Amino acid sequence: MKKLGIAIIGCGAISGVHLKAVSGSKLGELKAVVDTNLELAQRAAEEYGCDYYSDYHEMLKREDVDIVHICTAHFQHSPMAVDVLKAGKHVLTEKPMAENDAAARRMLEAAELYPNVQLGVIFQNRYNPSARKMKDYVDSGELGRLLGMKGLVAWSRTAAYYQSEWKGKWETEGGGALINQSIHTLDLLQWLGGDIEYVKGSISNDSLEGVIEVEDSAHAYIAFKNGAKAVFYATNAYIKNSPVEIEVVFERGTLYQRGDYLYLEQDGKQTQLCEPVVNDLGVKSYWGVSHKVQIEDFYEHIAEGRKFWLDGPEGYKGFRLVMDIYDSSRSGQKILY
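What you are looking at is a predicted structure, and each value in this text was computed from that prediction instead of being measured.

Student: Lay out the side chain of Glu-94 in plain terms, naming residues and giving numbers.
Tutor: For Glu-94, the location among the structural elements is in the loop between β5 (90–93) and α5 (101–113). Of the side chains bearing the opposite charge, Lys-95 lies closest to the buried Glu-94, which forms no salt bridge; the N-O distance is 5.6 Å. Side-chain polar atoms of Glu-94 contact the side chain of His-18, separated by 2.8 Å. In terms of polar contacts, Glu-94 uses its side chain to reach the side chain of His-291, at 2.7 Å. Ignoring sequence-local partners within four residues, the contact set of Glu-94 consists of Ile-14, His-18, Ile-70, Cys-71, His-77, Ile-122 and His-291.

Student: Which residues make up the pairing of strand β10 (residues 229–235), and what values do they have?
Tutor: Of the pairings in the sheet, the one linking strand β7 (residues 146–154) to β10 comprises seven bridges and is parallel in character. Along β10, the bridge assignment pairs Val-153 with Ala-234. Sheet analysis places strand β9 (residues 217–224) next to β10, joined by seven bridges and oriented antiparallel. Paired with Ser-217 across the strands is Thr-235, a residue of β10. Taken together, β9 and the strand that follows it, β10, pair antiparallel across an intervening segment of four residues, in which Gly-227 is found at a positive phi of about 95°.

Student: Tell me about helix α2 (residues 38–48), residues and numbers included.
Tutor: Those residues of α2 lying buried are Ala-41, Ala-44 and Ala-45. The buried residues of α2 occupy an angular sector of 100° when projected down its axis, which confines them to one face. In α2, those exposed residues whose orientation departs by more than 90 degrees from the buried face are Glu-39, Glu-46 and Glu-47. In this structure, the buried side of α2 is in contact with α1 (15–23), β2 (28–34) and β3 (51–53). Regarding α2, its N-cap is Asn-37, as a side-chain oxygen of that residue lies 3.1 Å from the backbone nitrogen of Glu-39 further along. The first or second residue beyond α2 is Gly-49, which carries a positive phi of 65°.

Student: Break down helix α8 (residues 183–193) for me, with residues and values.
Tutor: Among the 11 residues of α8, 11 are classified as buried, and the element is accordingly described as predominantly covered. What α8 keeps buried is the set Ile-183, His-184, Thr-185, Leu-186, Asp-187, Leu-188, Leu-189, Gln-190, Trp-191, Leu-192 and Gly-193. Directly beyond the C-terminal end of α8, a positive phi value near 90° is found at Gly-194.

What counts, and where the lines are drawn
- Residues numbered from 1 in each chain as written.
- Predicted model: local features only at pLDDT ≥ 70, side-chain atom pairs only at ≥ 80, totals over all residues.
- Heavy atoms only, no water.
- Helix = DSSP H or I, 4+ residues; strand = E, 2+ residues; numbered from the N terminus.
- Buried < 20%, exposed > 50% of the residue type's maximum accessible area, 1.4 Å probe, protein only.
- Lys, Arg positive; Asp, Glu negative; His and termini not counted.
- Salt bridge = Lys/Arg side-chain N within 4 Å of Asp/Glu carboxyl O.
- Polar contact = N/O pair within 3.5 Å; in protein donor to acceptor, adjacent residues only side chain to side chain.
- Contact = heavy atoms within 4.5 Å.
- Pairing = 2+ DSSP bridges.
- Arc of directions from axis to C-beta.

Here it is, written out as structure tokens:
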């Protein structure tokens, strides 16, 4: 079977994960990379044996490109995705979908306007073995009714991290610790918990005042329509990148995730259910190992003409939760769903 033609826009840090995943794909073949920094684009093209461009509009003229990965700054996701969909090519965009709600909605509208192509959103942690196992327990009811959850992200970002034209600014990054670092954990909480009744939260800048406009810390209380409750805390003000922790409490047992380890505590006994998968992508460990799994899954859906499950509307759920926590912090009120 002929491989799908792949292009990647953006040759910054996260692109390395995508490039390695595409190079090892059974279904995709890298045709081009794009970056306004020609040196970065040329370096990636030489390493992976493809063409390079400084203008993504030129790349979109190619008939041999079927899927475009968007790995750029947050504020560029929406206009690029709309252009790619309009050009008749599928989109797989990095999180977050966009820098604000209006921009994300423009992406959703474009996906509806061009139904022959698909919009996929990267939330690779849903593919982690530990996340899949937690979801299985929620769906099966084996441990009884879901009662509540806890999510904790304690990472470190210094002033040096924000030496960028777009990071740390509301207009271009769209936020800080919530929208960038901890959106994955929030997405998992809403994926496990189901439909939300309301959320109330707040944000603060505890360690980087005068350095960034956005928050370095946030907390939230989430009430689900099934009666479950969740508490969430995230910060970039810790001294290191500590493993993400999620606790899921059922009537007849509790799941504890720390990093990629997952444990079940039941009847006074603790059993290990998952352990870390070897990361062979040569990237930051806290990005996880499941980018290549989601990317290949997206390719399979496209190749077989099936609707991708983690599409625009599904990817929007975690994004909306982030936006609602920001709105709640500004208003001091709970956000009803």
